[in-house]
Every structure is written in structure tokens, then in C-alpha cells.
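Residues per chain are reported as follows:
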Amino acid sequence: MQKKTDEPAAGPKQAPTAPLSAPELKAKLARFYDRFTDEASVQRAVREQLSVRRSIDPAKEAEPKAAKRPATSAGLVLIAPYLPVFLRNLGLLSPTGTFEGNGATKAAMTLHFLATGRDAETGDDLFFIQHLLGVDHDNGERLPVPAPHKDEAERLLGSIIANWPAAQSLKVAGLREAMLQRGGILEKASDTDQLQVSPHPIDVLLSSIPWGFGAVYHPWMARPMVVDWP
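Here is what the cut-offs are and how they apply
- Residues numbered from 1 in each chain as written.
- Predicted model: local features only at pLDDT ≥ 70, side-chain atom pairs only at ≥ 80, totals over all residues.
- Heavy atoms only, no water.
- Helix = DSSP H or I, 4+ residues; strand = E, 2+ residues; numbered from the N terminus.
- Salt bridge = Lys/Arg side-chain N within 4 Å of Asp/Glu carboxyl O.
- Buried < 20%, exposed > 50% of the residue type's maximum accessible area, 1.4 Å probe, protein only.

Labelled according to an unreviewed UniProt entry, the protein appears under the name Contractile injection system tape measure protein, originating from Gimibacter soli.

Peer 1: Mind laying out unusual backbone geometry, listing which residues take part and the relevant values?
Peer 2: Positioned with a positive phi, S73 is a non-glycine residue whose angle comes to about 60 degrees. Note that S73 resides in the loop between β1 (67-71) and α3 (83-89). Even without a glycine there, the phi angle at K171 is positive, about 65 degrees. As for its placement among the helices and strands, K171 is situated in helix α7 (residues 171-180).

Peer 1: Can you lay out the pattern of salt bridges for me, pointing to particular residues and giving the numbers?
Peer 2: All chains considered together, the criterion is met by five salt bridges. A salt bridge links D203 to R182; the nearest nitrogen and oxygen atoms lie 2.8 Å apart. Note that D203 is positioned in the loop between β3 (193-197) and β4 (215-216) and R182 in the loop between α7 and β2 (184-188), a separation of 21 residues in sequence. Here D203 and R182 have matching classes, each one buried. A salt bridge links D193 to R223; its shortest N-O distance comes to 3.1 Å. Here D193 is found in strand β3, whereas its partner R223 is found in the loop between β4 and β5 (225-228), with 30 residues between them in sequence. With respect to class, D193 is no different from R223; both count as buried.

Here you go:
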């Protein structure tokens, strides 16, 4: 008679994976995002890695309701790769990529000047910029942009034009008016935000831009933002 083979003993049950906190998730996505430089890879990475949000503890991060709002200066996403170094050089961003004190307010005022060449006056002027900086609510504070910050903003725009040969005919004023001040519609959702930028014939220049901007996700942002710039 054939002896029955004993079945192997079942091993210990694996403990369930602890849910990621919101800061842990943002750090994980930021590390993944930084591995890519071309636009197609960034968008693919964002789509793939959004699945990790399923492990977030709902008690630690509330899901926003989908909403659409007009976005002023939506064209700032065009230069999103430059923003971390720009803000850090101005002393507005900590080494860990967060804003301290009224740093976010100062950053919003500076980015508005970067896009328009003037100081912000209303909440509508700042809505999209604050969202880009991870600020959910306008505290009503309006601060003048210091002269050194304005000088640094002008230098940044000059550097962008120098690194984008097709845009050199625009000059700084033209870059602001034709690209950075572009309107759009921002749709806020639970996993990722969607920005629809209003098209313009001059967008033919975008085919030669030497960096990607199809997805934006910085450490200070609550969610990635996918950009649809037709």
C-alpha cells in the first residue's frame, strides 16, 4: 500500500500591510516621479503609482469632491520643473520641500509676479497658484514681492527662454503674456487633478520644448496634476 505523503504544514499567516500615511505616500510618489525626465514616462508613472492610494487610511486623508474652477495663470505648469529650485533659492522652501510660516503666501505672491509682472490683488488671481503650491484656502493675506524676488523671477524667465530656442523671439514679456498667463479649467478629484489649458495658435512652439510638463507633482502637493494642453 502506498504511503500517504504528509502535506507540508501551513506557514505563519502574513501580517496585513499597514496603510500608508499621506506623507509616506507623497514621499513614495515623489521618489518615483523624480526617476523620469520625459513627459510620457512621467504620465505613465503617475497612472501606475496612483494605485497605492488604495492603502491610505481614510481617516488620515479626506478625499476631495470633484469640482471645476477657472484657473488663472494656468500656464505656470509649463515651467513647473523649475519651481522647486527657484523657491528654494529664494529661501521660501525648506530642504524637505515644505513651506514654513508664511512661506506659502510669499511663494504665491512671487509666482503671480513671475507669471504677470505685477502684484496679486484678488483671490481669483491666486486660486490656481495656491493650488499649485498645495494651499487649499486663501487666507486673504497679500504681501508685496521684495525686489530681490522680482529680480530672480526675471532671471528665471530669461533662463527659460535661453533653454527653449523656439521661444527666444517671445522675450520675457511675450512669454508671460502668450504662455504663463494662459487660462484654463482645473478639476479637483480624489486621486489626481486635471488641468485643461485653453489652446492658442502659438502653442505650436510647445512641440520643441526640451522638458516635459504633462504631469506635475511636487512634494508640497496633495495630489498629482495631469495637464491637458492641446
